[in-house]
Amino acid sequence: MKNQLSTSPEITVLIPACNEGEVIERALETVTRILETVTSEWEIIVIDDGSRDDTYERVSLYAQTESRVKGVSFSRNFGKEAALLAGLKFSRGRAVIAIDADLQHPPELIPEMISKWRDGAKVVHAVKRNRKTDSMGKRLAALTVNQIISRMGGINIHNSSDFKLLDRQIVDILAFQLPERERFFRGLSSWIGFREEFIDFDVSSRMENECKWSFWSLVELSITALTSFTTLPLRIVTFLGLLTLLLGFAVASDALWSSFNGEAVSGFATIIITLLLIGSFIMISLGIIGEYIAKIYEEIKARPPYLVKSTVGTCDKK
Ligand code: UDP
Ligand code: MG
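Right, let's walk through the structure included here. Being a predicted model, the structure only gives us computed values, none of them experimental.

Here we come to helix H9 (residues 215-229). End to end, H9 covers 21 Å across 15 residues, agreeing with the expected 21 Å (1.5 Å per residue, within 8%). All of the buried residues along H9 are Leu221, Thr224, Ala225, Thr227 and Phe229.

Let us look at the side chain of Lys295. Within the secondary structure layout, Lys295 lies in helix H11 (residues 268-301). Lys295 gets classed as buried once you look at its relative accessible area, which sits at 13%. Ignoring sequence-local partners within four residues, the contact set of Lys295 consists of Glu182, Thr224, Thr227 and Ser228.

A surface patch of nonpolar side chains, about 930 Å² in accessible area, is lined by Phe268, Ile272, Ile273, Leu276, Leu277, Ile278, Ile282, Met283 and Leu286. Its place among the elements puts Phe268 in helix H11.

Coordination of the magnesium ion (ligand 2) by the protein is provided by Asp102 (OD) and Gln104 (OE1), with metal-donor distances spanning 2.0 to 2.1 Å. Taken individually, Asp102 and Gln104 each receive the classification buried, so the pair is uniform in this respect.

As a further point, take the packing of helix H2 (residues 24-36) against helix H5 (residues 110-118). Axis separation between H2 and H5 bottoms out at 9 Å; the angle between their running directions is 45°. In terms of their interaxial angle, H2 and H5 are classed as oblique. Crossing handedness for the pair H2 and H5: right-handed. Across from Val31, Ile34 and Leu35 in H2, the residues of H5 making contact are Ile110, Pro111 and Ile114. Taken together, the residues of the contact of H2 with H5 sort by class into six nonpolar, no polar and no charged.

Leaving glycine aside, a negative phi is the common case for residues, and trans is the common case for peptide bonds. Unusually for a residue other than glycine, Asn19 sits at a positive phi of about 55°. Position of Asn19 among the secondary structure elements: in the loop between strand S1 (11-17) and H2. A residue is classified by how much of its surface remains accessible, and Asn19, at 10% relative accessible area, is buried.

The final tally for this structure, using the stated rule, is three aromatic pairs. A ring pair is formed by Phe74 and Tyr306, whose centres lie 5.0 Å apart and whose planes are at 10°; its orientation type is stacked. With Phe74 in strand S3 (residues 69-74) and Tyr306 in the loop between H11 and strand S8 (308-312), this residue pair connects regions lying 232 residues apart in the sequence. According to the relative accessible area criterion, Phe74 is buried, its value standing at 1%. Summarising the aromatic geometry, the rings of Phe163 and Phe201 are spaced 5.9 Å apart at their centres and angled 85° between planes, so their arrangement reads as edge-to-face. Of this pair, Phe163 sits in strand S6 (residues 160-167) while Phe201 sits in strand S7 (residues 196-202), and the two are 38 residues apart along the sequence.

Next up on the list: the environment of Pro9. Assignment of secondary structure puts Pro9 in the loop between helix H1 (2-7) and S1. Judged by relative accessible area, Pro9 falls into the buried class, the value being 8%. Once the C-alpha coordinates of Pro9 and Arg94 are considered, the two residues, 85 residues apart in sequence, prove to be 6.6 Å apart. Discounting residues that sit within four places of it in the chain, Pro9 has contacts with Glu41, Trp42, Glu43, Arg92, Gly93 and Arg94.

With that settled, consider empty space enclosed by the protein. On inspection of all chains with the given rule, the structure shows one cavity of 30 Å³ or more. Estimated volume of the largest cavity: approximately 60 Å³. Lining the largest cavity are Glu81, Leu84, Leu85, Leu88, Leu174, Arg183, Phe185 and Leu188. Where the lining of the largest cavity is concerned, the elements lending two or more residues are helix H4 (80-90) and helix H8 (185-191). Here the lining of the largest cavity is composed, by residue class, of six nonpolar, no polar and two charged.

Turning next to the pattern of salt bridges. Within this structure, the stated rule accounts for 14 salt bridges. Here Lys70 and Glu43 are joined by a salt bridge, their closest N and O atoms 2.8 Å apart. With Lys70 in strand S3 and Glu43 in strand S2 (residues 42-48), this pair connects stretches of sequence that are 27 residues apart. Its relative accessible area of 2% is what places Glu43 among the buried residues. Measuring nitrogen to oxygen at the nearest pair gives 2.8 Å for the salt bridge that ties Asp54 to Arg58.

What follows covers the packing of H4 against helix H7 (residues 168-177). At their nearest, the axes of H4 and H7 sit 9 Å apart, and the two run at 120° to each other. In terms of orientation, H4 and H7 fall into the oblique class. As H4 runs across H7, the sense of the crossing is left-handed. Across the interface between the two elements, Leu85, Leu88 and Lys89 of H4 pack against Val171, Leu174, Ala175 and Phe176 of H7.

Definitions and cut-offs
Residues numbered from 1 in each chain as written. Chains lettered and ligands numbered in written order. Predicted model: local features only at pLDDT ≥ 70, side-chain atom pairs only at ≥ 80, totals over all residues. Heavy atoms only, no water. Helix = DSSP H or I, 4+ residues; strand = E, 2+ residues; numbered from the N terminus. Expected span 1.5 Å × (residues − 1). Buried < 20%, exposed > 50% of the residue type's maximum accessible area, 1.4 Å probe, protein only. Contact = heavy atoms within 4.5 Å. Patch = residues over 30% accessible without salt bridge, like charges linked within 9 Å, V, L, I, M, F, W, Y side chains within 5 Å. Areas by Shrake-Rupley, 256 points an atom, 1.4 Å probe, with all protein chains shown as cover. Salt bridge = Lys/Arg side-chain N within 4 Å of Asp/Glu carboxyl O. Donors = N, O, S within 2.8 Å, 3.2 Å for Na, K, Ca; no water. Axes fitted to C-alpha atoms, helices over the stretch in contact; angles between N-to-C directions. Parallel < 35°, antiparallel > 145°, perpendicular 65-115°, else oblique. Left-handed = near helix turned anticlockwise from the far one by under 90°. Nonpolar A, V, L, I, M, F, W, Y, C, P; charged D, E, K, R; others polar. Phe/Tyr/Trp six-rings, centres within 6.5 Å; stacked < 30°, edge-to-face > 60°. 1 Å grid on protein atoms, 1.4 Å probe; cavity = no way out; pocket = protein on both sides within 12 Å on 5 of 7 lines; lining within 4 Å. Points joined across faces, edges and corners; volume = space filled by probe spheres on them.

See the structure below:
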């Protein structure tokens, strides 16, 4: 292990890319230029997440002239979380920086991240100062999900992004010691503890591409995030049950009281409303429980989170 570390580069930059053919070269050039100002011991790994354009061809071509640039290509689109995981597994650097291919994460921050790491930080998070480029809905969703996870999971991911630097120790934990398949990188890198540092940045606007997160993929990510960090929704089910029980007692005593006094309980409407309310409570509760069962099912199947089709550069097969 020691031997391997002594030959490993100081920094690995990890770029998940899906249909980024138009911008990938610019990203590689910019990141390279900035890395060179800090160290010459670096590598860049592009994880091609099942692009349908020429992203991987462009990376392969680039790698022919710059051997420190490497590429890993998935057999299909497995999602950004899988791409990040693969990148961590393939990386050899003593610190790993994850950054988006569309340069919405300003690479100019890289030197500052590295200097914080050299000063002893184990994780350096880049935190979004504004989300002006995101739509209103996305901002609201992010706020809600981040708030819930931060409160319930006891971790702080408010406005955090996937733009992070991780020390080798953290990379090894995230990539090899956490067996879960469905991941939420942002949450996990905070959950592990260790010394964290934060840097603010402004999100710049991006060029549109086809792999953009759809509404449903964001909903999915939020559900993964919630179910992997908190079981609070299950408690809410119990709480709802208790609430209906109390309500039930109140209504039942009222009904009994009236019937003892010879007054028939009036109300078809009351019955229908109660029935519908309880019915929906039950359905929602089943849904919540179902989400956790689905999660268990996904984990128990133990399918690999991604499949590698080919690699370019000197990446070990993992
Ligand atoms: N990405 C990926 N797989 C996907 C979707 C996105 O690898 O299925 C990559 C994408 O190429 C980019 C990064 O993840 O480098 C962030 O994606 P995007 O810019 O679409 O997300 P946003 O900026 O809206 O968070
Ligand atoms: Mg982006």
